[in-house]
Protein chains: 2
Amino acid sequence: MDFKVTPWDVEGLVDYDKLIVEFGTTPLTNELLEKTKELTKSELPLYFRRKFFFSHRDYNLVLKDYEEGKGFFLYTGRGPSGPMHIGHIIPFFATKWLQEKFGVNLYVQITDDEKFLFKPKLTFEETKRWAYENILDIIAVGFDPDKTFIFQDSEFTKIYEMAIPIAKKVNYSMAKAVFGFTDQSKIGMIFYPAIQAAPTFFEKRRSLIPAAIDQDPYWRIQRDFAESLGYYKAAAIHSKFVPGLMGVEGKMSASKPETAIYLTDTPEEAGKKIWKYALTGGQPTLKEQREKGGNPDKCVVFKWLEIFFESDDKALIERYHACKGGELLCGQCKRYLIERVQNFLREHQKRREKAKEEIEKFKYTGELAQEQWNKSIPEALRD
Amino acid sequence: MDFKVTPWDVEGLVDYDKLIVEFGTTPLTNELLEKTKELTKSELPLYFRRKFFFSHRDYNLVLKDYEEGKGFFLYTGRGPSGPMHIGHIIPFFATKWLQEKFGVNLYVQITDDEKFLFKPKLTFEETKRWAYENILDIIAVGFDPDKTFIFQDSEFTKIYEMAIPIAKKVNYSMAKAVFGFTDQSKIGMIFYPAIQAAPTFFEKRRSLIPAAIDQDPYWRIQRDFAESLGYYKAAAIHSKFVPGLMGVEGKMSASKPETAIYLTDTPEEAGKKIWKYALTGGQPTLKEQREKGGNPDKCVVFKWLEIFFESDDKALIERYHACKGGELLCGQCKRYLIERVQNFLREHQKRREKAKEEIEKFKYTGELAQEQWNKSIPEALRD
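Each chain carries its own residue numbering, running from 1 in the written order of its sequence. Note on labels: chains are lettered from A, ligands numbered from 1, in written order. Predicted model: local features are reported for residues with pLDDT of at least 70 only, side-chain atom pairs are reported and counted for 80 or more only, and whole-chain, interface and lining totals are derived from all residues. Excluded from the side-chain calculation are hydrogens and water; included are all heavy atoms of the structure.

(A) Broad picture of the environment of Glu258(B). All names here are of chain B. Think of it this way: any DSSP run of H or I at least four residues long counts as a helix, any run of E at least two long counts as a strand, and we number them from the N terminus. Within the secondary structure, Glu 258 sits in the loop between strand 9 (235-239) and helix 12 (267-277). On a C-alpha basis, the gap between Glu 258 and Asp 58 in space is 37 Å, while along the polypeptide they are 200 residues apart. Here Glu 258 is in contact with Leu 245, Met 246 and Tyr 277, once residues within four sequence places are set aside. Contact criterion: two residues are considered in contact whenever any of their non-hydrogen atoms come within 4.5 Å of each other.

Dropping the structure here:
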């Protein structure tokens, strides 16, 4: 295979059909998307229409549970080891759509413990600071503050109690197989899979995890033992990767700043980065471009428009053909994308400012947050 | 060697001098005991006078810290997997003496997580129930409710946050070396050493752990990394083992009910058990006993009197010689011990009943408990 996908690394031009076979997941069929449309009585957003989410586990059962009135809940997370970029936030927009349309609870786990444990040089204080920063970006997406609980593992330590029965189900060799532990791995890292699985048991309903497909292996352990604890196997819908500016291979990486647009970049910075670094599918000369046309399938600018920044299907298809036909020049497309990205950042950053006042609600005082915190305080302390 | 001491098992007649060499600890010298007397302005209790506590790590530094006004704190614990017996409670009486005389804080960790994780057949509910029962026995010892915090790991989950930086210091091979983990060990077990070490960092002072010497290996890991976290290495004083009724070898074991007197045994039951099972150093016939004398060094009855039930030194020595001289018969000694044990149980069980009203204070509302719980509740939830 000329591509590689693990929870730590994505390399090469990913063949998503092969990945479905390799990971043993199921394609997200048109039938399931139609069902989603029907149940939500809504048009599908571009992430689903354009199969950015392309694979799933048990999403059919999630829809069935919903239809039968059993309901479900959403669970996602963020490892706070640095600033968030465009690639990080897109799945949160898909999650927001699901919450809004199905009217369900959402739990967002901020894994400051994980990032501190797995990154040798990061201090606990640093991951806690990034937790705060990242939470602002997440809130800015616009979740329902009474149906969303954003919790930091180091604060919402009740999670430890929930993780114990899980940690009795998973032995070292199982964890090693998924996470690649060695004798040098810290004992906190080895325990961490139990903390990550705990939120799938926050409610006695099926949990649906929207995440990029590279995260799938983490949930295989949960699916192995969930039913033996009297709970549901975690369901998931899997997205493709958002490529970095430097090419459609791999994924946008926070460790290569020139390939990413951060949510805190000024619109000017973002514009400069795209102009300078975005790899297109254009020809070396204007003449060749006019004659042979460009290749939108190898163009990061087109990919970004497709995944997030151009919601108008008709406009997108026209652009595709105009590029192929040589009518459109790369500079024009870049300028169009830059404007879209800058508008998005301006709006996001405004909402991010406002999020500073809402953080309290999402973490502690909103309806769902309070419900969870109250559960975490022993009987005797409650009254 | 004809004896074996590990954190899981004690076999044979223990040579405590050899154990000091093997474990690399330091003898608890008369000089240190004198110093203890001087600083506490008190007569030493029998556990120290008779060298039931016989070994230590850094106890000299603990006394130095106390003398210099830096202070120290006590830390001990209990794994709640069943009822407590006489052998379990004796170290708590020594701990109580230390708290009272030095006026220091005491943290008692009830490791319901550990017992649930390490005992395949025990449910979480069962360890929580035993936690409640065991806490009553511990409170009955008579600790200061405003200077003692008794906490259950599954409730006081703030401990997880504290354990994270510890769990980043300990790798799998270190933990394996001390705890003997294998590929089949559950990931909760592997993490547990971090939870056990956490209370040694509850205060920025030296912690003193009174415990039987078989527990010493658990603290070696803590001593390896404590200073790198800016804290003190845990200090300890080590006790010998309380033998079971069936012989002076090994230690009283909860898994062999006929060798143990439980704190919840009725005085009648306890009396019958001692009468029936206690192994003495007596001769096969009355005639031989009168002629050759008994052997108090091989007599469980004498050991129990020495360790806990005869506080009068003169009376104990007289008994020793009377036995050796053949003046005393085993039945007489047994009856004497039975009376002492029954009196102890009656008193203990009265205090245990009263403890039901005090449990709230030790766990949640006492001064030290409140201080610890407040620390554990995020800023935003406090007001």
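(B) Highlighting the domain arrangement of chain A. Residue and element names in this part refer to chain A. Start and end positions for the domains come from either an automated domain assignment or a database one. Split by domain assignment, chain A resolves into domain 1 (4-245) and domain 2 (257-352). One C-alpha centre belongs to domain 1, the other to domain 2; they are set 29 Å apart. Between domain 1 and domain 2, the contact holds 21 residues from the first and 29 residues from the second. As used here, buried area is the combined drop in accessible area, with a 1.4 Å probe, of two parts when they are placed together. The largest share of the area that domain 1 buries against domain 2 comes from Arg 50, Ile 86 and Leu 245, three residues that together contribute 37% of it. By convention in these notes, a salt bridge is any Lys or Arg side-chain nitrogen within 4 Å of a carboxyl oxygen on Asp or Glu. The interface formed by domain 1 and domain 2 contains four salt bridges. Definition of a polar contact: a pair of N or O atoms within 3.5 Å, with one able to donate and the other able to accept a hydrogen when the atoms are protein atoms, and with sequence-neighbouring residues admitted only if both atoms are side-chain atoms. Linking domain 1 with domain 2 are 15 residue pairs in polar contact (both at pLDDT 80 or more). Mapped by element, the contributors of at least two residues to the side of domain 1 that touches domain 2 are helix 3 (46-49), helix 5 (86-102) and helix 7 (124-139). Here the element with the most residues in the side of domain 1 that touches domain 2 is helix 5; it accounts for four residues. Taken together, the residues that form the side of domain 1 that touches domain 2 break down as 15 nonpolar, two polar and four charged. Three residue categories are used. Nonpolar comprises Ala, Val, Leu, Ile, Met, Phe, Trp, Tyr, Cys and Pro, charged comprises Asp, Glu, Lys and Arg, and polar comprises the others, including Gly.

(C) Highlighting the pairing of strand 5 (residues 72-78) of chain B. All names here are of chain B. The buried fraction of strand 5 amounts to six of the seven residues, a majority that puts the element mostly inside the structure. Pairing between strand 5 and strand 6 (residues 106-110): five bridges, direction parallel. Bridge pairing links Leu 74 to Leu 106 in strand 6. Each parallel crossover has a hand, and for strand 5 linked through helix 5 (residues 86-102) to strand 6 it is right-handed. Partly exposed residues are those whose accessible area sits between 20% and 50% of the maximum for their type, while under 20% is buried and over 50% is exposed, using a 1.4 Å probe and protein chains only. For two strands to pair, DSSP has to find at least two bridges joining them. With the strands aimed away from the viewer, a crossover counts as right-handed if its path from the first strand over the helix to the second runs clockwise.

(D) View of the interface of chain B and chain A. The interface is formed by 43 residues belonging to chain B together with 43 residues belonging to chain A. Of the roughly 3900 Å² buried between chain B and chain A on both sides combined, carbon and sulfur atoms contribute 68%. The largest share of the area that chain B buries against chain A comes from Tyr160(B), Lys168(B) and Ile187(B), three residues that together contribute 22% of it. Viewed at the interface, chain A and chain B are joined by four salt bridges. Here Lys128(A) ties to Glu161(B) by a salt bridge, and the two come within 2.7 Å at their closest N and O atoms. Between the two partners, chain B and chain A, sit 29 residue pairs in polar contact (both at pLDDT 80 or more). Of all elements in the fold, only helix 6 (112-118), helix 7 (124-139), helix 8 (158-167), helix 9 (172-179), helix 10 (187-197), helix 16 (330-365) and helix 18 (379-382) of chain B reach the threshold of two or more residues within the side of chain B that touches chain A. Per-element accounting of the side of chain B that touches chain A gives the leading share, seven residues, to helix 10 of chain B. Classifying every residue of the side of chain B that touches chain A by side-chain character gives 23 nonpolar, eight polar and 12 charged.

(E) A look at helix 11 (residues 216-225) of chain A. For helix 11 of chain A, a buried count of eight out of 10 residues is recorded, marking the element as mostly surrounded by other parts of the structure. Along helix 11 of chain A, the residues that are buried comprise Asp216(A), Pro217(A), Tyr218(A), Trp219(A), Ile221(A), Gln222(A), Arg223(A) and Phe225(A).

(F) Quick peek at the nonpolar core. Grouped together as the largest cluster of nonpolar side chains are 90 residues, with contacts concentrated most on Phe149(A), Phe191(A), Phe149(B) and Phe191(B). Every residue in contact with Phe191(B), bar those within four places of it in the chain, is listed here: Tyr160(A), Ile187(A), Gly188(A), Phe191(A), Tyr160(B), Ala163(B) and Ala167(B). Nonpolar core, defined: a set of buried Ala, Val, Leu, Ile, Met, Phe, Trp, Tyr and Cys residues in which side-chain atoms within 4.5 Å join the residues together.

(G) Quick look at the side chain of Gln289(B). All names here are of chain B. Tracing the chain through its elements places Gln 289 in helix 13 (residues 286-292). Among the polar contacts made by the side chain of Gln 289, one reaches the main-chain amide nitrogen of Gln 283 at a distance of 2.8 Å. A polar atom in the side chain of Gln 289 sits 3.1 Å from the backbone oxygen of Leu 328. Sequence-distant contacts of Gln 289, that is, excluding residues within four places in its chain, are made with Gly 282, Gln 283, Gly 294, Gly 326, Leu 328, Leu 329 and Cys 330.

(H) Summary view of the confidence of the model for chain A. On average, residues of chain A score 93 in pLDDT, and 98% of them reach the 70 mark or higher. By definition, pLDDT measures how confident the predictor is in each residue, and it falls between 0 and 100. Long-range and interchain partners of residues 377-383 of chain A, a stretch whose pLDDT sits below 50, account for 10 contacts in this model, where long-range means more than four residues apart.

(I) Geometry of the sheet that holds strand 9 of chain B. All names here are of chain B. Taken in spatial order, the seven strands of this open sheet run 3-4-9-8-5-6-7, and their pairing is mixed. A strand with exactly one partner marks an edge of an open sheet, and here the two such strands are strand 3 (26-27) and strand 7 (148-152). Bridging between strand 5 and strand 8 (residues 206-212) involves three bridges; their strand directions are parallel. Of the residues in strand 8, the one forming a bridge with Phe 72 is Arg 206. Between N-to-C directions, angles span 0 to 180 degrees; the directions come from axes that are lines fitted to C-alpha atoms, helices contributing only their stretch in contact. Across the sheet, helix 7 touches strand 5, strand 6 and strand 7, and the angle it forms with strand 7 is around 165 degrees.

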